[in-house]
Amino acid sequence: MLQSIEAVAGKVTGGTPALEKALAGEELSYEDGVQLMNDENLFLLGAAADRLRREMCGNTVTFVASYYLNYTNVCAASCPLCAFYRKGNENDAYTLSTEQIVSRAKIAIEQLGATELHIVGGFHPKLGLEYYEDMMRAIKASYPNVIIKALTPAEVFFIARLTHNSVKEVLSRLKSAGLDALPGGGAEIFHPEVRKKIVIGKCSGEEWLDTARQAHELGIRSNCTMLFGHIEKPEHVVDHVIKIRELHKKTGGFTTFIPLKFSLENTELEQKEMIKSESPSPYDLRVIAVSRLLLGNVLKNLSVYWVALGKKIAQVALSYGGNDMVGTAYSEEIFKAAGKSSGTSLQELASMVREIKREPAQRDTFFNIIRRFD
């Protein structure tokens, strides 16, 4: 560890050429990223990512009071990576009415203090665009100040195809109805070599990126994610992060990048024994650190999703490039379906941050600080 600190301080050059480029503030290439994934010492890598994090974001770790509202688990897609979806005829298949959605929003805002509603669901084959418009208008009628962060680029693309509208038309109508931002899900891994094996019935990586681009051009900002720890190779991770970086250079529309650790339990990938165990923590930390270095000074925020990583590894990941803990994840169902416990409080997140000698702060969806904790 001492060597890593000295290296980051510029006193020792023990790292790979790619790490030296990162420490010099140079933008990393695809080849550099692959070298860091395959060859770099993990502690050197973490120290370099932590230094960049400190330069970009200071000592503050942020999180949002977020309520997860999954409006349906009925899905036209059949992704082997997902434990959440149902086809519609199962006993536990559901689709919420507008009244039920507003009722849940009331609990989220009035009882739990949520400042954003994170609304995602399956690709329901029978819901028209009006369903989503009505949902958003009804929420805003009762709670005009809550941020509606709803429908991933993958969902937007599906709705456009289903309703025979352009992506731009869907986004424009949803924005008029009250949509404020998009979540970053559905990205999975962009590279078709892996995507075709883990995604069935969902947009391509290029279609996801193009949908995000169109949202940004309409003034709708979004998160972006990457699902790792399944059948991908280091090259696919690097390819994915660079595509995010390059789009953000053009639009400036991403709020944060969230590397999501794949959760195995109850998925088809587990049942078919394509994957027998979840990725080890050193690999998780490597992915997070390399993501920070690849994003460089282009995208400021890198979020650590404690629901998928577990709270203890999430704390470690905050020293490997992370500056944000996503949020409280009240009522989260998708990772819960894959065996992960979810839901915490602002106070617990603040305590987790304090334990690692950082400064906790509650933010809004767009990374404006709402309050700091003593």
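Student: Would you take a moment to explain empty space enclosed by the protein for this structure?
Tutor: In this approach, a probe sized like a water molecule rolls over the atoms, and the result shows the empty space that is left. Tallying each qualifying case throughout the model produces 2 cavities of 30 Å³ or more. Here the second largest cavity is characterised by a volume of approximately 50 Å³. Taken together, Val64, Ser66, Glu116, Lys149, Asn223, Thr256, Val326, Arg363, Thr365 and Phe367 form the lining of the second largest cavity. Looking at the lining of the second largest cavity, its residues break down into 3 nonpolar, 4 polar and 3 charged.

Student: Mind showing me how you'd approach the sheet that holds strand β9 (residues 359–363) here?
Tutor: Across a sheet, strands are paired by hydrogen bonds formed along the backbone, either parallel or antiparallel in direction. Strand order in the open sheet formed by 4 strands is β8-β1-β9-β10, with mixed pairing between adjacent strands. Where the open sheet ends on each side, the last strands, each with one partner, are β8 (324–327) and β10 (369–372). Looking at each pair of strands side by side, their axes are set apart by 25° on average, direction ignored. When strand β1 (residues 60–64) meets β8, the two strands line up parallel, connected through 2 bridges. Counted as the bridge partner of Thr62 is Asp324 from β8. Of the strands in this sheet, β1, β8, β9 and β10 touch helix α17 (residues 346–355), which is tilted by about 160° from β1.

Student: Would you mind going over the layout of surface pockets with me for this structure?
Tutor: Here the largest pocket is characterised by a volume of approximately 260 Å³. For the lining of the largest pocket, the elements supplying multiple residues, two or more each, are α2 (17–23), α4 (42–57) and α13 (281–295). For the lining of the largest pocket, a count of residues per class yields 10 nonpolar, 3 polar and 5 charged. Here the second largest pocket is characterised by a volume of approximately 220 Å³. Lining the second largest pocket are 15 residues, with Cys57, Lys300, Asn301, Asn323 and Phe367 positioned closest to its centre. If you list the elements that add at least two residues to the lining of the second largest pocket, you get β1, β7 (254–261) and β10.

Student: Before we go on, may I ask you to explain the pairing of strand β2 (residues 66–70) in this structure?
Tutor: Sheet faces and side chains relate simply in a regular strand, where the side chains alternate between the two faces. Within β2, 5 of the 5 residues are buried, which leaves the element mostly enclosed by the surrounding structure. In β2, alternate side chains face the same way, and those of Ser66, Tyr68 and Asn70 on one face and Tyr67 and Leu69 on the other are all buried. The sheet contact formed by β2 and strand β3 (residues 116–120) spans 5 bridges and is parallel. If you follow Tyr68 over to β3, its bridge partner there is His118.

Student: Honestly, the pairing of β9 in this entry has me stumped. Any pointers?
Tutor: Buried residues dominate β9, accounting for 4 of its 5 residues. The pairing of β9 with β10 spans 3 bridges and is classified as antiparallel. By the bridge assignment for β10, Arg363 is matched with Ile369. Between β9 and β10, which pair antiparallel in sequence order, lie 5 residues; one of them, Phe367, sits at a positive phi of approximately 70°.

Student: What should I look at first to understand the pattern of salt bridges in this one?
Tutor: Any two side chains of opposite charge can pair, on the condition that their charged atoms come close. Applying the stated criterion across every chain yields a total of 23 salt bridges. The closest approach of N and O atoms between Glu116 and Lys149, which form a salt bridge, is 3.0 Å. Placement of Glu116 in strand β3 and of Lys149 in strand β4 (residues 147–150) is noted, with a sequence separation of 33 residues between them. Residues Glu116 and Lys149 agree in their burial class; the two are buried. Ionic pairing is found between Lys249 and Glu246, a salt bridge with its closest N-O pair at 3.2 Å. Here Lys249 and its partner Glu246 are both found in helix α11 (residues 234–251), 3 residues apart, which amounts to about one turn of the helix. Beyond isolated ion pairs, a larger network of salt bridges with shared partners links Glu27, Arg245, Glu246 and Lys249.

Parameters at a glance
Residues numbered from 1 in each chain as written. Predicted model: local features only at pLDDT ≥ 70, side-chain atom pairs only at ≥ 80, totals over all residues. Heavy atoms only, no water. 1 Å grid on protein atoms, 1.4 Å probe; cavity = no way out; pocket = protein on both sides within 12 Å on 5 of 7 lines; lining within 4 Å. Points joined across faces, edges and corners; volume = space filled by probe spheres on them. Nonpolar A, V, L, I, M, F, W, Y, C, P; charged D, E, K, R; others polar. Pairing = 2+ DSSP bridges. Helix = DSSP H or I, 4+ residues; strand = E, 2+ residues; numbered from the N terminus. Axes fitted to C-alpha atoms, helices over the stretch in contact; angles between N-to-C directions. Contact = heavy atoms within 4.5 Å. Buried < 20%, exposed > 50% of the residue type's maximum accessible area, 1.4 Å probe, protein only. Salt bridge = Lys/Arg side-chain N within 4 Å of Asp/Glu carboxyl O.

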